[in-house]
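Results of the structural survey
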6 protein chains.
Amino acid sequence: KRPSHWADGRANMVNVSHKPESLRRALAEARVRVSPELAAIIQSQSLFKGDLFTVASLAGIQAAKRTGELIPLCHNLPLDWVDVRVELRDLTVVIEAEVHTTGRTGVEMEALTAAAVAALAVIDMGKSVDRGMVIESVRLLEKSGGQHGDYRAPDRREEDAK
Amino acid sequence: KRPSHWADGRANMVNVSHKPESLRRALAEARVRVSPELAAIIQSQSLFKGDLFTVASLAGIQAAKRTGELIPLCHNLPLDWVDVRVELRDLTVVIEAEVHTTGRTGVEMEALTAAAVAALAVIDMGKSVDRGMVIESVRLLEKSGGQHGDYRAPDRREEDAK
Amino acid sequence: KRPSHWADGRANMVNVSHKPESLRRALAEARVRVSPELAAIIQSQSLFKGDLFTVASLAGIQAAKRTGELIPLCHNLPLDWVDVRVELRDLTVVIEAEVHTTGRTGVEMEALTAAAVAALAVIDMGKSVDRGMVIESVRLLEKSGGQHGDYRAPDRREEDAK
Amino acid sequence: KRPSHWADGRANMVNVSHKPESLRRALAEARVRVSPELAAIIQSQSLFKGDLFTVASLAGIQAAKRTGELIPLCHNLPLDWVDVRVELRDLTVVIEAEVHTTGRTGVEMEALTAAAVAALAVIDMGKSVDRGMVIESVRLLEKSGGQHGDYRAPDRREEDAK
Amino acid sequence: KRPSHWADGRANMVNVSHKPESLRRALAEARVRVSPELAAIIQSQSLFKGDLFTVASLAGIQAAKRTGELIPLCHNLPLDWVDVRVELRDLTVVIEAEVHTTGRTGVEMEALTAAAVAALAVIDMGKSVDRGMVIESVRLLEKSGGQHGDYRAPDRREEDAK
Amino acid sequence: KRPSHWADGRANMVNVSHKPESLRRALAEARVRVSPELAAIIQSQSLFKGDLFTVASLAGIQAAKRTGELIPLCHNLPLDWVDVRVELRDLTVVIEAEVHTTGRTGVEMEALTAAAVAALAVIDMGKSVDRGMVIESVRLLEKSGGQHGDYRAPDRREEDAK
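Here's what I pulled together on the structure shown here. (Residues numbered from 1 in each chain as written. Chains lettered and ligands numbered in written order. Predicted model: local features only at pLDDT ≥ 70, side-chain atom pairs only at ≥ 80, totals over all residues. Heavy atoms only, no water.)

1. A word on the interface of chain C and chain A
- Opposite the 19 residues of chain C that make contact, chain A presents 19 residues.
- Between chain C and chain A, a total of about 1,600 Å² is buried, with carbon and sulfur atoms accounting for 49% of that surface.
- The interface formed by chain C and chain A holds one salt bridge in total.
- In this structure, Arg66 of chain A and Glu69 of chain C form a salt bridge, with 3.6 Å as the shortest nitrogen-oxygen distance.
- Run the count over chain C and chain A and you get nine residue pairs in polar contact (both at pLDDT 80 or more).
- Residue classes in the side of chain C that touches chain A are distributed as nine nonpolar, seven polar and three charged. (Contact = heavy atoms within 4.5 Å. Buried area = accessible area lost by both parts, 1.4 Å probe. Salt bridge = Lys/Arg side-chain N within 4 Å of Asp/Glu carboxyl O. Polar contact = N/O pair within 3.5 Å; in protein donor to acceptor, adjacent residues only side chain to side chain. Nonpolar A, V, L, I, M, F, W, Y, C, P; charged D, E, K, R; others polar.)

Rendered as structure tokens:
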């Protein structure tokens, strides 16, 4: 199996002109570990909480729409829906980004880009309190639609199997 | 210590108009875990290798210049230098992004954005071979310049202490 | 009736993946009041007049295409047509922006964005002569296509009734 | 007095290369009239209120940074501060946008663009409830710094005189 | 025959809302003449060669996706494929850019923009060695799809006739 | 002499953080050959003429400000002045783009980008009349400021010598 971007020894976009349009969905996550001090500020101060979550969510939504500008070999696509959910679980800000579109190519990169940029915005919002934040994981959780078959991350498949 | 973005209960940019211009530097990293199959393709096939690294590097450089568009409360800044180094170490693609500028505000977010977007480009390049890639870590390694003092990540400080 | 952007207490895009594609049209206007001195310069000096109108018109057209980047919860859409008409009526520069597309969501925001940015460009062109210019009105005039029914601004409906 | 953009009968940017750098400030406002129904939703439902205001504010901040892309003859500038304040007063959403920079040219257009785009975002947020919203006024309130002297809008000067 | 952009004496986009979607293809070229010294560096030093070609190619691909932002009266379009091929022939860097899409309007401008921006990137890469580089030719080679019929550049037609 | 972008066998930006700020100027040209039919339309129809020239000029100005986004290894810079002059000489549309800035790096690429994109806009404006237009030459004419010394194109130096 050869990487589809690597035809002829040079970088190139995948030609999707002969693929049919269909509904494509992708779900990605990013996790940002924060200090107890920052977690406490996020959790206890309801006035401020909205902002961190809204700013991160909007940053992710905006980035998804510009994925084709950021990732050199991605297609530029109109998107039907971008939803970025942000919440604090203990010392981790958990971000889930979901993207739907009706098109000729999948939207994994759009979901991953939304999650990653939302995570960067979390760091920007909190960095004056906690300079050691780490984005611990950015990954695809689920994907459906298209010729290559659906995908579920290994831990999600285990859950399904239970 | 209150997050500097959260004055008055609403999101806002930090006002840097009264800060002096000075040289600011930041170094960030991102790590992408890949499958043995993808690592072998990256490592053994020299024709293709250049591409993966160059595409990721350019994606990171381009993203750094647009950080102010991606991160809502970041300043838009001319940058003096962006360097994105990408290499494969066992099953991890390691990305280091370094940014320098002469300005009134730091460039941590620019370095982090460059590293994160380069990592997203790695996923885009390899995803037809390995759909389970994970960006395992995106974090600030070092920062210098500006009023808030220099910063080194904990593991870097330990190394210094040896 | 709840605002469709406000589901679950967080900002989000409307999911349009299940809507059919159809022809959507929107017409918006913006009005910029100018001083008699500036109006005279615009009106009498034919050499210059073309420029003011062309610059404003192009600024509006360009902005319409980037509405999804400017308005956080708007969809990014390919547009079939953007037309921005600019003229001077007494002391008012009147701008009409019309947008057509074939898609799953309407183009009101595209037309409003085109009109508003064209009006900003008018201010930029004339501000060295008249620093007191005011954009007095930016509003939707007409909209057709889509599930929510057509719309005509109240004064247009009155005209229709005559 | 000839409009400074209209030298030689063709549109062009003002050459600022011989101007000294100095601190420039501008304050602009935009007003969006909303229906009683929408005003009540905005005012009474605190869960949602944050969102409308935050989304509008962020849209304005983001637009200010891209003024040079939107307004053809504006300079592209790094900005030291952008602050967009949004509040509901009776049936009007009042937006004030303040921009500071240290540069060779003023930031009126940046403040006006921030205010106008924030107002467009208000319309986008509320349009499913109220299709008749009107941006009633976008104008410069104050400006300081630079060679052309400070500016205060007429009604602000009257207030000063009291 | 009147230029289709010039209706009513003002610049405007062509309205394509009533055209059917179909597959459109365009092929454009750009040629950059370089000095013997630069050609030798490009040709002999295989380590570096990859970079020049990859950077130019990616610059072209990225630019094609943003043609609607660069060319004021172009439509903004999702593209199915962009391929930018770069090679050195004697003292000329030859760039061919091919674009496919399924849409209501052609992609000549996208192919020409990709070729021209790739050529600009070649100049940027080599200008520290050769300050006299010239982009000698940017032109459309072939176009197919759409109502106006296919097109082949005159020298290509001659070749066909042989 | 090694190309400055090619350190360490990988593409990278030039680090300018230790260079002093100074006034930089660059002048570039692009030439578009048009058919007699198109030249006649441009020349004789004064109503339309303004548009072609203004659209091309604005496209060039806008592109210059975004050079850092288009050319991967260029710095993103605030520009003090961009001027794009367009005229018809016989069967050639001649474009001259001049850029000034006060900064740590030169603006050749900004001037070349402005000229090239203005030329692309000329093709877009005229392509419904003349599908065989060719951009025959894009090149740097003059450059001043910075450490590497001033530059004048060979034919300009000959003129000087007379």
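2. Brief notes about the pattern of salt bridges
- One pass over the structure, following the stated rule, counts 96 salt bridges over all chains.
- When the shortest N-O distance is used, the salt bridge between Glu29 of chain B and Arg139 of chain B registers 3.1 Å. With Glu29 of chain B in strand E1 (residues 22-33) and Arg139 of chain B in strand E4 (residues 134-144), this residue pair connects regions lying 110 residues apart in the sequence.
- The class of Glu29 of chain B is buried, set by a relative accessible area of 4%.
- With a relative accessible area of 15%, Arg139 of chain B lands in the buried category.
- Put simply, Arg66 and Glu69 of chain A, Arg66 and Glu69 of chain B, Arg66 and Glu69 of chain C, Arg66 and Glu69 of chain D, Arg66 and Glu69 of chain E together with Arg66 and Glu69 of chain F are held in one network by salt bridges that share partners. (Helix = DSSP H or I, 4+ residues; strand = E, 2+ residues; numbered from the N terminus. Buried < 20%, exposed > 50% of the residue type's maximum accessible area, 1.4 Å probe, protein only.)

3. Details of the interface of chain A and chain B
- Taken together, the contact between chain A and chain B spans 54 residues of the former and 54 residues of the latter.
- Here chain A packs against chain B, burying approximately 4,800 Å² in sum over the two surfaces, 64% of which is carbon and sulfur.
- Where chain A touches chain B, the interface holds two salt bridges.
- The interface formed by chain A and chain B includes 10 residue pairs in polar contact (both at pLDDT 80 or more).
- Those elements giving two or more residues to the side of chain A that touches chain B turn out to be helix H1 (36-44), helix H2 (46-65), helix H3 (67-70), helix H4 (108-126) and strand E4 (134-144) of chain A.
- The residue inventory of the side of chain A that touches chain B, partitioned by class, reads 30 nonpolar, nine polar and 15 charged.

4. Description of the relation of the copies chain C and chain A
- Between chain C and chain A, which share one sequence, the superposing operator has a rotation angle of 120 degrees and an axial displacement of 0.0 Å; the RMSD is 0.0 Å. Seen this way, the second copy is the image of the first under a three-fold rotation axis. Relative to the rotation axis, the closest C-alpha in chain C is found at Pro78 of chain C, a distance of 4.1 Å.
- Taken as a fraction of all interface residues of chain C, those also at the interface in chain A reach only 11%, which identifies the copy contact as different-surface. (Least-squares fit on C-alpha atoms with pLDDT ≥ 70 in both.)

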